[in-house]
Structure formats: structure tokens, C-alpha cells
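For reference, the chains in residue letters:
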Amino acid sequence: MQSYKVGVWATGGVGRFAIRTIVDRPNLELVGAWVHSPQKDGQDVGELAGIEPVGVCATRDEAELLAGDSDCVVYAAPAGSRPRQALDDFCRILSAGKNVVTTSLPGLVYERGSLSERYLNAIREATQEGSSSIFSSGIEPGFGCDLFPIALMSMSHKVYSVRGIEITNYSQYPVEFDMRELFGFGQPLDYQGGLKSPGVLKWGWGAAVTMVADALGAELDDITESCEFLPTPRRLETACGVIEPGTVGATWARCVGVVDGEEVITIEHVDRMADDLAPEWPKSRSGGADGTWRVIIDGEPSFDAEFEVGYRPDENTSDQGLLATGMRAVNAIPWVCDAPPGVVDALHLPLTSPLGALHPKRDGVPAF
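This text gives an overview of the structure that appears in the document. (Residues numbered from 1 in each chain as written. Predicted model: local features only at pLDDT ≥ 70, side-chain atom pairs only at ≥ 80, totals over all residues. Heavy atoms only, no water.)

Observations regarding the overall build of the protein chain
Helix and strand counts for the protein chain stand at 10 helices and 17 strands. Along the three orthogonal principal directions, the C-alpha set of the protein chain runs to about 50 × 45 × 45 Å. Out of the 368 residues in the protein chain, the part that is buried amounts to 53%. Residue pairs at least 24 apart in sequence account for 70% of intrachain contacts in the protein chain once pairs closer than 6 positions are excluded. By element, 51% of the accessible surface of the protein chain is carried by carbon and sulfur atoms, the whole surface being about 16,000 Å². (Helix = DSSP H or I, 4+ residues; strand = E, 2+ residues; numbered from the N terminus. Buried < 20%, exposed > 50% of the residue type's maximum accessible area, 1.4 Å probe, protein only. Contact = heavy atoms within 4.5 Å. Areas by Shrake-Rupley, 256 points an atom, 1.4 Å probe, with all protein chains shown as cover.)

Some remarks on the sheet that holds strand 4 (residues 72-75)
Strands sit in the order 3-2-1-4-5-6-15 across an open sheet of seven strands; the sheet is parallel. Among the strands making up the open sheet, the edge pair consists of strand 3 (58-59) and strand 15 (342-344). Helix 1 (residues 13-24) rests against strand 1 (4-9), strand 2 (28-34) and strand 4 of the sheet, and its axis sits at about 150 degrees to strand 2. (Pairing = 2+ DSSP bridges. Axes fitted to C-alpha atoms, helices over the stretch in contact; angles between N-to-C directions.)

Digging into helix 8 (residues 200-216)
Between its first and last C-alpha, helix 8 extends 25 Å over 17 residues, near the 24 Å set by a 1.5 Å rise per residue. At G206, helix 8 is bent by approximately 50 degrees, the largest bend along its length. Looking only at helix 8, the buried set comprises L201, G204, W205, G206, A207, A208, V209, T210, M211, V212 and A213. Residue G217 follows helix 8 closely and has a positive phi angle near 70 degrees. (Expected span 1.5 Å × (residues − 1). Bend = angle between axes of the 7 residues up to and from the residue.)

Considering the sheet that holds strand 14 (residues 303-308)
The pairing of strands in a sheet comes from backbone hydrogen bonds and takes either a parallel or an antiparallel form. Read across the sheet, six strands follow the order 8-11-12-7-13-14 without closing on themselves; strand pairing throughout is mixed. Across the chains shown, the open sheet's two edge strands, defined by having one partner strand only, are strand 8 (222-231) and strand 14. Each strand axis lies, on average, 15 degrees off the axis of its neighbour in the sheet, ignoring direction. With nine bridges connecting them, strand 7 (residues 158-169) and strand 13 (residues 292-300) associate as antiparallel partners. Pairing of E166 across the sheet is with W293, part of strand 13. Against the sheet, helix 8 contacts strand 7, strand 8, strand 11 (248-259) and strand 12 (262-272), and its axis sits at roughly 40 degrees relative to strand 11.

Points about the pattern of salt bridges
Throughout the structure, instances matching the rule amount to 19 salt bridges. Among the ionic pairs, K5 bridges to D69, the shortest N-O distance being 2.7 Å. Here K5, found in strand 1, pairs with D69, found in the loop between helix 3 (62-66) and strand 4; they are 64 residues apart in sequence, far enough to count as distant. A salt bridge links R112 to D214; the shortest N-O distance between them is 2.6 Å. You can see R112 sitting in the loop between strand 5 (99-102) and helix 5 (117-130) and its partner D214 sitting in helix 8, a full 102 residues away along the chain. (Salt bridge = Lys/Arg side-chain N within 4 Å of Asp/Glu carboxyl O.)

A short note on the side chain of S132
The topology assignment puts S132 in the loop between helix 5 and strand 6 (133-136). A polar side-chain atom of S132 sits 2.9 Å from the main-chain carbonyl oxygen of L94. Once you skip the residues sitting within four places of it in the chain, S132 turns out to touch L94, G97, K98, N99, A126, T127, P341 and G342. (Polar contact = N/O pair within 3.5 Å; in protein donor to acceptor, adjacent residues only side chain to side chain.)

Notes on the packing of helix 1 against helix 9 (residues 317-330)
Where helix 1 contacts helix 9, the two axes come as close as 8 Å, and the packing angle between them is 60 degrees. Taken as axis vectors, helix 1 and helix 9 run oblique relative to one another. In the crossing of helix 1 with helix 9, the sense of the turn from one axis to the other is right-handed. Residues G13, V14, R16, F17, A18, T21 and I22 of helix 1 touch helix 9, and the partners they reach there are D319, L322, L323, T325, G326, M327 and V330. (Parallel < 35°, antiparallel > 145°, perpendicular 65-115°, else oblique. Left-handed = near helix turned anticlockwise from the far one by under 90°.)

Considerations on the nonpolar core
Counting residues in hydrophobic clusters, the biggest one holds 89 residues, and the most contacted among them are V74 and I333. No other element matches helix 8, which puts eight residues into this core. Discounting chain neighbours no more than four positions away, the residues touching I333 are Y4, V6, L28, C72, V74 and V101. Core analysis: the next-biggest nonpolar cluster, separate from the first, contains 25 residues, W34, L66, A86 and L94 among them. (Core = buried A, V, L, I, M, F, W, Y, C linked by side-chain atoms within 4.5 Å.)

A look at the pairing of strand 5
Going residue by residue along strand 5, you find N99 and V101 tucked away on one face and V100 and T102 tucked away on the opposite face as well. Here strand 5 runs beside strand 6; their pairing, made up of three bridges, is parallel. Within strand 6, the residue paired with T102 across the bridge is S136. Once you follow strand 5 into helix 5 and on to strand 6, the crossover reads as right-handed. (Right-handed = clockwise from strand over helix to strand, strands pointing away.)

Some thoughts on the pairing of strand 13
Two elements, strand 13 and strand 14, share six bridges in a ladder whose sense is antiparallel. When the sheet's bridge partners are listed, I296 is paired in strand 14 with D304. Counting the residues that bridge the hairpin from strand 13 to strand 14 gives two residues.

Take a look at the structure:
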């Protein structure tokens, strides 16, 4: 089995899970990690990830990581709140000859989609300079509402419309910018930032909508976007702080691919800060409102399929979602390292099976 040397860029929510997996995999070798915080500089990367020491020290010196011998960098630093800085990071890493797998830039899950040509061209030029490749993915976008329905449609005779819905309770998610500034939780109902800002939904999900359209051979006339808020009637204590009564407690965002005036490909996020909020909005088939991705395909045959992440009662659904998100990137490392230079997408990448991931038992329960 070929081995790949891997660095990690940032050790937060997704990064710490990436580190644990890299250490656990026989075909991956952890060789470095960049950190933003001075408090983390010089610490053992294993301890930062909550595992035993691994003999690799974190560094704030990006030049040190880029000068190393890593084949690939797992980029897990935020990009939505700092797109220009993230682009600069990507270009430096790629130009240095390091392949990149990332969960930070949803608009890059498919090259033909939502990012501007100016943004994309900088990345393309860096991949050519460094003979490197970049792959962006996650649980959504990257799987739940795009690759999952594409897989289902491999059983289709005719398809009339595709609808992918993320149904999530975000009360355990601690990233304040994402929850308050982007999703709008805790904001007044007339808040016009984040998901309600023109172009934000297309920037994030337009690429995924386009990937589904291309899988169908459909040419979209337009991609539209919309977002609704509903208030919480009571005070909520969440991982990102207190959500006061009367402020945004539930959001329903839609990014829609249109053909001949018809909504044919839809990606929706129905996100709540408590399961009982917005009861009239979409839920899972079982009636739940937490950690589910549901795909409804009107066609011949029709499909209504869903999966739940973190279904065990002892699991933190937010952590399980971050884990699944990170694994979409980490499990792709061998294929991305072996791909031609450029932007790699899930539509043209082999299914990224987790080599070396099978463990016979967990707490006495078979893992398969």
C-alpha cells in the first residue's frame, strides 16, 4: 500500500478529526501542522487533537510546513469569513507543490459553478505552477445534497426534479461566526446579512447545483436563491451562546437550478436551534429535525431517501457531522495526490473508500 505524507492547516473542529484519522491510517503519515494561535505553537499535534503525543510539533511558521516533504495538506482553516486570505493560502500551498484537500470552500466542490473566474484562475495557475491538485468536499455540499442524489439517479429512467435537504439542529455547533453572522441565528428577524445577502447562497451551493445538473446533462437557465427566518418563542442556550426569544431560531435557505422556468434541482438547508421550532418546515421521514440529509427525486422510479449522521444516542451530532465532513477530504488524499494538476471534483473522482479504516469491533459492537 502506497503511503502519503500529510500536513494539516489549522487544528480546530475539522482539523483535529483529520489529525486523528491520519495517525490511525496505515497509508498516511502526519508530518506537520500549521496553527494560528500562539498558545498552540510548538505543542505536540496529537495532544492538540485530543490523542496521545505523536512526536510532531505544531508551528505558526507556514514556510516551515511548505518547505517540508508533505504530499498533501488538509486545509481546515475557515474560508467563508476570509475568502481573500483563504485564496492566498491555497495558492501558496499549491504553488509549493503540495496537493490540497479542503472542507473550507463549498464553492469549489465543482469547478463550473459559483466562484468567479478571477478567483478560480488564481487557483488554476497555482496548481500548474506546483503541479498540484485541489479537492473541496464535505458532508454538504460535497455529498448529502449532490453526490448522494447523483448516486441514486444511477438507477433512474427519467428524472423530473431533484431536491436535496439538510435538516439539522445546530444547537451544539460552537462556531459563532457561522451560526450568528452567516446563518443569522439570534439576529432580529429583519436581519439581511449572511444567507440573506445577495449571492451568498449561490457562492456556497451554486457549484453543487451545477454538478448535479451536469451529471444529468442538463443546462441550467438560472440559479435562484431564497432564505426565510422564523423566531424562537423562548430563550435557548446553545454552544454559540444564548438565542433570545423573538430572534431567529430557524432558517430555511434554498438554492435552485431552473430550466424552462421550472425548479428542477434544489439544495435546501432547514436548520434549527431546537428540534420543535418551525414544525411546519421539512423534517426527516421519521419526523426528526436533527442531523439528517434527505433526497427526494421525482422521476421514474421516484426516490425518497435519507441518511442520519450520529444516530447513536451517546454521540454528539455536531462532532459526528464535523467528523463526516473531514473524512470526505481525508479519504480522498490518495486519489487527489495521484490526479493530474488542477481542480478535482467528486463527479470525476473515484468513490473515496477509506483505505485502512475497517476496525473489527467498537465497544463490543461490530463496526460493519
